[in-house]
Amino acid sequence: MKYNIALVPGDGIGPEIIADAVEVLEKTAEKFGHEFVFTEYAAGGNAIDKCGIPLPQETVDGCLAADSVMLGAVGGPKWDSQPNHLRPEKALLGLRKALGLYTNLRPAKIQPALADACVLRPDIAARGFDLMIVRELTGGIYFGDRGRNEAGDEAYDTEKYSVAEVERVARRAFETARKRRGHVTSVDKANVLESSRLWRETVHRLGETEYPDVKLDDMYVDNAAMQIIRDPSFFDVIVTSNMFGDILSDEASQVTGSIGLLASASLGETSRGMYEPIHGSAPDIAGTGLANPIATILSAAMMLRYSFDLSEEADYIENAVSEVLEEGWRTRDIKAPEDETWLTGSQMKDKILEHMA
Ligand code: IPM
Ligand code: MG
């Protein structure tokens, strides 16, 4: 089959890790007889430098016309003083909105070969964990009304959710749980926020009427933040709002001790998704060759699985990555920096390619 893939490499380490993922996709295409056609688009700081805005219309149109999108990362200190509407992050938010990607899947799990990198107490780490954060991605405080008063000494942002917005992301969470361990935890702040009370009511109504087979419980976001550190094996699927999901997903990924390995998928109503590593643009190591390409390579595997329904091909990539890690190969981010036996990003990619032979 032929697939058109829009590449949005972005800033910092984005272009390096996207180039590595492209090599892995090309090898997969060759092995399974597919054709992947890649077209590159600017977004983020590099787009600001090139055309004065973070998200050119050409990028939006190109992504809308593609079968799927792979994104590296956007942002960096160079653009930190830009006014709000011209910040690189606007590109990411704009793409999510324009592509209708209201669900963000962020898996966090301990790789058995990397259990020693996990920051949890050893007896808790030994239990392992494998959780999926289902984050609402196009609503809430990220997109609500915001502003300042005339004097500029007061500012506000608005958290607002409709039943329809909660239902569609909750449905994704229930469906995801059905394919996993059948347990959804809805995370909110219903002891304080009205939007959270509507969130909770809606998730429960949907659960009772359409997903009675899935176990549903609730947790306040502060307790969930604690539980992720205390014992994350409690969780299977967490469904939560845009901002809570942003925070909890960074926490959960860091707890694994290997944020450089974690992929994510942003999905909407169609099969077109946007796939990106959970980590950021890491401007401090851009160009040094240190960036770990694994999260982006695993994001490419997620794209094959979720957008193109190519699960055998996705397994093939994921298995190669696991084998390389099981053999003990490490990039510097998953190894103590004083230990000299780590691979550069492109050496890691080459190891993965060797295992795909
Ligand atoms: C993420 C990032 C973005 C977000 C930023 C860069 C706008 O933190 O994808 O988690 O907050 O969604
Ligand atoms: Mg974040």
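What you see is a predicted model, and the numbers here were worked out from it, not measured in a lab.

A few points about the overall build of the protein
Part 1 of the argument: Counting its secondary structure elements, the protein contains 12 helices and 12 strands.
Part 2 of the argument: Taking the principal axes of the C-alpha coordinates as reference, the protein spans close to 55 × 50 × 45 Å.
Part 3 of the argument: In the protein, which comprises 357 residues, the share counted as buried stands at 54%.
Part 4 of the argument: Looking at the protein alone, contacts between residues at least 24 apart form 76% of all its contacts between residues at least 6 apart.
Part 5 of the argument: Accessible area for the protein stands at about 15,400 Å²; split by element, carbon and sulfur atoms hold 51% of it.
Part 6 of the argument: Treating the 37 positive side-chain charges of the protein as one cloud and the 58 negative ones as another, the clouds have centres 3 Å apart.

Some thoughts on the sheet that holds strand S11 (residues 263-267)
Sheet strands pair by backbone hydrogen bonding; their relative direction is either parallel or antiparallel.
Part 1 of the argument: If you walk across this open sheet you meet the 10 strands as S2-S1-S3-S12-S11-S4-S5-S10-S8-S9, and the pairing is mixed. Each having just a single partner strand, strand S2 (35-40) and strand S9 (215-220) make up the two edges of the open sheet. Between one strand and the next, the sheet's axes are offset by a mean angle of 25 degrees, whatever the strand orientation.
Part 2 of the argument: With 5 bridges joining them, S11 and strand S12 (residues 273-277) adopt antiparallel strand pairing. Of the residues in S12, the one forming a bridge with Leu 267 is Gly 273.
Part 3 of the argument: Taken strand by strand, helix H8 (residues 221-230) contacts strand S8 (183-188) and S9, and its axis lies near 105 degrees from that of S9.

Examining the site of ligand 1
Part 1 of the argument: Around ligand 1 lies a shell formed by Glu 89, Leu 92, Arg 96, Arg 106, Arg 135, Tyr 142 and Asp 246.
Part 2 of the argument: Arg 96 has a polar side-chain atom sitting 2.7 Å from an oxygen atom of ligand 1.
Part 3 of the argument: Taking Asp 246, its side chain carries an N or O atom lying 2.8 Å from an oxygen atom of ligand 1.
Part 4 of the argument: When the free accessible area of ligand 1 is taken as 320 Å², the share hidden by the protein chains comes to 75%.
Part 5 of the argument: Broken down by element, the residue count for the shell around ligand 1 peaks at 3 residues, all from helix H4 (residues 89-98).

Concerning H8
Since the α-helix turns once every 3.6 residues, residues separated by three or four places project in the same direction.
Part 1 of the argument: Along H8, the residues that are buried comprise Val 221, Ala 224, Gln 227 and Ile 228. Angular distribution of buried residues about the axis of H8 spans 110 degrees; they occupy a single face of the element.
Part 2 of the argument: If you follow the buried residues of H8, they end up packed against S8, S9 and helix H9 (242-256).

Here's the deal with H9
Part 1 of the argument: The terminal C-alpha atoms of H9 lie 22 Å apart, and with 15 residues this matches the ideal 21 Å at 1.5 Å per residue to within 8%.
Part 2 of the argument: Among the residues of H9, Asn 242, Phe 244, Gly 245, Leu 248, Ser 249, Glu 251, Ala 252, Ser 253, Val 255 and Thr 256 are the ones counted as buried.
Part 3 of the argument: Looking at the packing, one finds that the buried side of H9 touches strand S4 (103-109), strand S5 (130-136), S8, helix H7 (194-210), H8 and strand S10 (237-240).
Part 4 of the argument: Immediately downstream of H9, the backbone of Gly 257 shows phi near 85 degrees, a positive value.

Criteria and thresholds
- Here the residue numbers are simple positions, counted from 1 along each chain's written sequence.
- Chains and ligands are labelled sequentially in the order written, the chains with letters from A and the ligands with numbers from 1.
- Predicted model: local features are reported for residues with pLDDT of at least 70 only, side-chain atom pairs are reported and counted for 80 or more only, and whole-chain, interface and lining totals are derived from all residues.
- With hydrogens and water stripped out, all remaining heavy atoms of the structure feed into the side-chain values.
- We count a stretch as a helix when DSSP gives it H or I for four or more residues in a row; a strand needs E for two or more, and each element gets its number in order from the N terminus.
- Whether a residue is buried, partly exposed or exposed follows from its accessible area with a 1.4 Å probe, protein chains only, as a fraction of its type maximum: under 20%, in between, or over 50%, in that order.
- Contact between two residues is taken to exist if any of their heavy atoms lie within 4.5 Å; hydrogens are not considered.
- Residue exposure ignores everything except the shown protein chains as possible cover, and the areas themselves are Shrake-Rupley values with a 1.4 Å probe.
- Neither His nor the chain ends is counted toward charge; the positive residues are Lys and Arg and the negative residues Asp and Glu.
- Positions of charges follow a simple convention, taking NZ of Lys, CZ of Arg, CG of Asp or CD of Glu.
- Only strands joined by at least two bridges in the DSSP assignment are considered to pair.
- For every element, the axis is a line fit to its C-alpha atoms; helices are fit only across the contacting stretch, and the angle between N-to-C directions ranges from 0 to 180 degrees.
- Throughout, the term near means that a residue has one or more heavy atoms lying within 4 Å of the molecule or strand in question.
- Whenever a nitrogen or oxygen atom comes within 3.5 Å of another N or O atom, the pair is scored as a polar contact, on the condition that within protein one atom can donate a hydrogen and the other can accept it, and that pairs from neighbouring residues in sequence are kept only if both atoms are in side chains.
- The arc refers to the directions leading from the helix axis to the C-beta atoms.
- Multiplying 1.5 Å by the helix residue count minus one yields the expected span of that helix.

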